[in-house]
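Residue-level listing of the chains:
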Amino acid sequence: MRAINMLKANMMQSGAISEPNRHGPVWVKIETEWAYWIDVDSLNFKRVKKHAPVGAIIVVKSRESIDDERTYVRSSFGIVDETGIVELTKKQTCTILARQVLEYMQGTNHWPPFTSRKRVLESRDVEVWYEPTEYDSFALIMTRELIGDDPEMFLARLGKDDTRQHPSWRVETARSGKTKCYSCKDVILKSRFRIGEPIFSEGSIFCRWHHPRCVAKRIDADDVENLDGYKNLNASERLRLKRLLRQ
Ligand SMILES: [Zn+2]
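Everything numeric in this text was worked out from a predicted model, so none of it was measured.

1. Notes on the environment of Arg 213
- Inspection of the secondary structure assignment puts Arg 213 in helix 5 (residues 212-215).
- Since 15 C-beta atoms lie within 10 Å of it, Arg 213 is described here as partly exposed.
- Sequence-wise, Arg 213 and Arg 243 are 30 residues apart; in three dimensions their C-alpha atoms are separated by 9.8 Å.
- Every residue in contact with Arg 213, bar those within four places of it in the chain, is listed here: Leu 244 and Gln 247.

Right under this line is the structure:
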């Protein structure tokens, strides 16, 4: 809520909205066929189903054909106001998102889902990435001006993202022999391990499955205990898994 009010205050200064709304976010009709809005409370990417709340960042997708065979998906950006969508550049979008992400951080004392610290800039500002889907990423600059504190210190004090959306790799034994390994395309045999790589799509997460040997390079064998599902394995399975990932 605070994020939206703040945004509205900013927008009013710029003349985008003439009257403040004191009754929570207003939902307006969005005419676009294929768009997502970013929920400030969860930072989830949500598919627009005819309406979106005022103050939300919106990402509009369109398909463009490059030639007869290939198409590519273009994104354009905007913010919802009471008349519909006000178009923004990617940079303006990132500036507003930085504020929304900061509000989430200040409100929860945690990293929001889909965010990670990328680097400290020469100015001592910190670049944080927000990657809500496989195809959408936003570089957010956390400045001293915005935070009112040393950005590095502020970010270092935050807890890890403890929401369910936190992308975590998982392990389980295959219940059927029907899954194919995404890496090598071979079947993952029944009751063998399968390793799930979290993939974001349309605001939800699903797994891409692999053989342990096919992702051994991407998983730190000493970090196996942090895989989702590891706790469900028995002692000999745990040993076997570690051995497979060390190969
Ligand atoms: Zn494989």
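Now, onward.
2. Focus on the sheet that holds strand 9 (residues 126-130)
- Reading across from one edge, 8-9-10 is the order of the three strands in this open sheet, with antiparallel pairing throughout. Single-partner strands in this sheet number two, and they are strand 8 (115-120) and strand 10 (138-142). Strand-to-strand twist of the sheet, defined as the mean angle between neighbouring strand axes without regard to direction, takes the value 30°.
- Note that strand 8 and strand 9 share five bridges and pair antiparallel. Directly across from Val 120, in strand 9, lies its bridge partner Val 126.

3. Describing helix 2 (residues 90-108)
- Between the first and last C-alpha of helix 2 there are 26 Å, a value that for 19 residues agrees with the 27 Å anticipated at 1.5 Å per step.
- Buried within helix 2 we find Thr 93, Ile 96, Leu 97, Ala 98, Gln 100, Val 101, Leu 102, Tyr 104 and Met 105.

4. Considering the sheet that holds strand 2 (residues 35-38)
- Strand order in this open sheet of five strands is 3-2-5-6-7, and the pairing throughout is antiparallel. Lying at the two open borders of the sheet, with one neighbouring strand each, are strand 3 (45-47) and strand 7 (84-88). Averaged over all pairs of adjacent strands, the angle between strand axes in this sheet comes to 40°, irrespective of strand direction.
- Here strand 5 (residues 57-65) pairs with strand 6 (residues 71-81) via nine bridges, running antiparallel.

5. Some remarks on the nonpolar core
- If you look at the biggest cluster of nonpolar residues, it comprises 34 residues, and the most contacted ones within it are Trp 37, Ile 57, Ile 58 and Val 101.
- Among the secondary structure elements, those contributing two or more residues to this core are strand 2, strand 5, strand 6, helix 2, strand 9 and strand 10.
- With seven residues, the single largest contributor to this core is helix 2.
- Not counting the four nearest positions on each side in its chain, Ile 57 is found in contact with Trp 37, Ile 38, Phe 77, Ile 79, Thr 93, Ile 96 and Leu 97.
- Within the second largest apolar cluster, eight residues are counted, among which are Trp 169, Ile 195, Leu 241 and Leu 245.

6. A short note on the environment of Ser 116
- Inspection of the secondary structure assignment puts Ser 116 in strand 8.
- Taking the C-alpha atoms as reference points, Ser 116 and Tyr 130, 14 residues apart in sequence, are found 6.7 Å from one another.

7. Observations regarding the pairing of strand 6
- Hairpin geometry of strand 5 and strand 6 is characterised by an intervening segment of five residues between the two adjacent antiparallel strands.
- In the sheet, strand 6 pairs with strand 7 via five bridges, with the strands oriented antiparallel. Residue pairing in the sheet places Val 80 in a bridge with Ile 85 of strand 7.
- Taking the residues between adjacent antiparallel strands as the criterion, strand 6 and strand 7 are bridged by two residues.

8. Re the confidence of the model for the chain
- Across the chain, the average pLDDT comes to 85, with 85% of residues at 70 or higher.
- Summarising per-element confidence for the chain, the mean pLDDT is lowest in helix 1 (residues 2-13) (49) and highest in strand 10 (97).
- A low-confidence stretch, residues 11-22 (pLDDT under 50), is modelled with 13 contacts involving residues beyond four sequence positions or located in other chains.

9. With respect to unusual backbone geometry
- Even without being a glycine, Lys 50 presents a positive backbone phi close to 75°.
- With respect to the helices and strands, the residue Lys 50 is situated in the loop between strand 3 and strand 4 (51-53).

10. Examining the environment of Glu 172
- Inspection of the secondary structure assignment puts Glu 172 in strand 11 (residues 170-173).
- Glu 172 sits 55 residues away from Leu 227 along the chain, and the two C-alpha atoms are 9.7 Å apart.
- For Glu 172, the residues in contact, after removing those within four places along its chain, are Arg 194 and Gly 229.

Cut-offs and rules
Residues numbered from 1 in each chain as written. Predicted model: local features only at pLDDT ≥ 70, side-chain atom pairs only at ≥ 80, totals over all residues. Helix = DSSP H or I, 4+ residues; strand = E, 2+ residues; numbered from the N terminus. Buried ≥ 20, exposed ≤ 12 C-beta atoms within 10 Å, placed from the backbone. Contact = placed C-beta atoms within 7 Å. Pairing = 2+ DSSP bridges. Axes fitted to C-alpha atoms, helices over the stretch in contact; angles between N-to-C directions. Expected span 1.5 Å × (residues − 1). Core = buried A, V, L, I, M, F, W, Y, C linked by C-beta atoms within 7 Å. pLDDT = per-residue confidence, 0-100.

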